[in-house]
Amino acid sequence: MVNENCVFCKIARKEIPAKFVGESDLALAFWDVSPRQPLHILVIPKLHYANVAELTLSDEASMISVMKLASELAIAHADESFRISFNTGEAAGQTVFHAHAHLTSRTPKVEVA
Ligand code: 5GP
Ligand code: ZN
């Protein structure tokens, strides 16, 4: 459930800094350090799961929390056009092996840095 060397576990434990944008009981959201769209937020379960399949099949409550927080932030920060995606596996572009949703939009409601 916790991985000592995982960068997102360290962010969840507040051991390394991140620009937080939302939180719920089981999920945490922060701005992607290297945004690839005008709106680019990461939403993670507080507990460590390697990818979205492991998260969904092991812990439905955390999965629902991730999707609810991502949806709330999409409504708050994007217009009706946004994407919620989970890269899974190296060949699909996953580089951090702690499950995370990318919330991205080309049309944020406000300019974000
Ligand atoms: P993946 O490539 O695994 O789907 O997505 C990992 C994402 O995490 C990338 O978009 C990358 O920019 C972001 N990222 C990696 N390390 C950090 C970090 O320390 N802080 C923040 N805020 N984002 C990070
Ligand atoms: Zn982790």
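This text goes with the structure placed above it.
Residues numbered from 1 in each chain as written. Chains lettered and ligands numbered in written order. Predicted model: local features only at pLDDT ≥ 70, side-chain atom pairs only at ≥ 80, totals over all residues. Heavy atoms only, no water.

> Could you give me a rundown of the pairing of strand 5 (residues 101-105), with the residues and numbers involved?
Burial within strand 5 is extensive, with five of its five residues counted as buried. A two-sided burial pattern is seen for strand 5, the buried positions comprising Ala 101, Leu 103 and Ser 105 on one face and His 102 and Thr 104 on the other. Note that strand 3 (residues 39-45) and strand 5 share five bridges and pair antiparallel. Counted as the bridge partner of Val 43 is Ala 101 from strand 5. Strand direction decides the pairing type here: strand 4 (residues 83-85) and strand 5, joined by three bridges, are antiparallel. (Buried < 20%, exposed > 50% of the residue type's maximum accessible area, 1.4 Å probe, protein only. Helix = DSSP H or I, 4+ residues; strand = E, 2+ residues; numbered from the N terminus. Pairing = 2+ DSSP bridges.)

> Explain the site of ligand 1 residue by residue, including any values.
What surrounds ligand 1 is a group of 17 residues, the closest being Asp 32, Arg 36, Asn 87, Thr 95 and His 102. Separating an oxygen atom of ligand 1 from a side-chain N or O atom of His 100 is a distance of 2.9 Å. Interatomic distance of 2.7 Å between a side-chain N/O atom of His 102 and an oxygen atom of ligand 1. Considering ligand 1 on its own, with 520 Å² of exposed area, one finds that the protein chains cover 84% of that surface. Counting residues per element, the ones that place at least two in the shell around ligand 1 are helix 1 (7-12) and strand 2 (27-31). (Near = heavy atom within 4 Å. Polar contact = N/O pair within 3.5 Å; in protein donor to acceptor, adjacent residues only side chain to side chain. Areas by Shrake-Rupley, 256 points an atom, 1.4 Å probe, with all protein chains shown as cover.)

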